[in-house]
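# A closer look at the structure
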Amino acid sequence: MSGFDVRFLAVLSLCALVLPGAVPALAGALERTEPGHQAPPQPGANLPIAPPIVQYALPSQWMTIRSKEDWRKAGTFEKELSKDCAALRFSEIEPMRFRAYYKGEVLGVAFGHGLNLHDPGKKADRKKIYLFRNGDSTNCTVQSMDNKDPRVNPAGNQAAAPAAGGFKKY
């Protein structure tokens, strides 16, 4: 007999001694995997509908526009910007940080001068306000409207704009 045969017989006899003791331990029903662990619910039992609701603080949000007209009449539809929005090349930095409310529909708002606007292609007009409907999906639509703020668009509100674009001295 060679040394290999002796080692093979020793391993075989060791397995024959260990395996009969392991089989009954594995054959028993497992009701609990660890102390304190609950058994699975029985079929047909009442299961909880959802886990408890945990409320987290939302970031501050500002209602910038409130109107009773339809959102489709708010501005002009921007087809190319809507395509870029669906491809995430033109979007809000923080969705719904600024909001516009149009007759039951809430839209996200971003400003052409860069406030809350992700525009790596520099396609935005500084004098526009952009409204995003479904801004976090591929069904995103973008509307643009003129910004009436005289600090951004002096031609937007001639009556309130100071002469020569400067500030009035009091």
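Scroll up a little and you will see the structure.
Values in this document were obtained by computation on a predicted structure and should not be read as measured data.

## A word on the overall build of the protein chain
Of the regular secondary structure elements, the protein chain holds 2 helices and 8 strands. Each helix and strand of the protein chain, ordered N terminal to C terminal, gives the series α-β-β-α-β-β-β-β-β-β. Here the protein chain holds 170 residues, and the buried ones make up 22% of them. Across the protein chain, contacts joining residues at least 24 apart in sequence account for 54% of those joining residues at least 6 apart. As displayed, the protein chain has an accessible area near 13,200 Å², and 59% of this comes from carbon and sulfur atoms.

## Considering the nonpolar core
If you look at the biggest cluster of nonpolar residues, it comprises 12 residues: Ile65, Trp71, Ala74, Phe98, Ala100, Tyr102, Leu107, Val109, Phe111, Ile129, Leu131 and Met145. Non-local contacts of Phe98, meaning those with residues more than four positions away in its chain, are made with Trp62, Thr64, Glu92, Leu107, Gly108, Val109, Phe111, Leu115 and Asn116. Judged by nonpolar contacts, the second largest core, of 9 residues, contains Leu81, Leu117, Phe132 and Cys140.

## Thoughts on the state of the cysteines
Counted according to the given criterion, the structure contains 1 disulfide. Through a disulfide, Cys85 is tied to Cys140; the S-S separation comes to 1.9 Å. Since a negative S-S torsion denotes a left-handed disulfide, the Cys85-Cys140 link at about 85 degrees is right-handed. In this pair, Cys85 sits in helix 2 (residues 79-86) while Cys140 sits in the loop between strand 7 (128-133) and strand 8 (141-146), placing the two residues 55 residues apart along the sequence. With respect to class, Cys85 is no different from Cys140; both count as buried.

## Quick word on the sheet that holds strand 8
With respect to topology, 6 strands assemble into an open sheet ordered 1-4-5-7-8-2, the strand pairing being mixed. Two strands lie at the open edges of the sheet, namely strand 1 (62-67) and strand 2 (76-77), each paired on one side alone. Pairing of strand 4 (residues 98-102) with strand 5 (residues 105-111) involves 4 bridges; the strand directions are antiparallel. When the sheet's bridge partners are listed, Arg99 is paired in strand 5 with Gly108.

Scoring rules and cut-offs
Residues numbered from 1 in each chain as written. Predicted model: local features only at pLDDT ≥ 70, side-chain atom pairs only at ≥ 80, totals over all residues. Heavy atoms only, no water. Helix = DSSP H or I, 4+ residues; strand = E, 2+ residues; numbered from the N terminus. Buried < 20%, exposed > 50% of the residue type's maximum accessible area, 1.4 Å probe, protein only. Contact = heavy atoms within 4.5 Å. Areas by Shrake-Rupley, 256 points an atom, 1.4 Å probe, with all protein chains shown as cover. Core = buried A, V, L, I, M, F, W, Y, C linked by side-chain atoms within 4.5 Å. Disulfide = S-S within 2.5 Å. Pairing = 2+ DSSP bridges.

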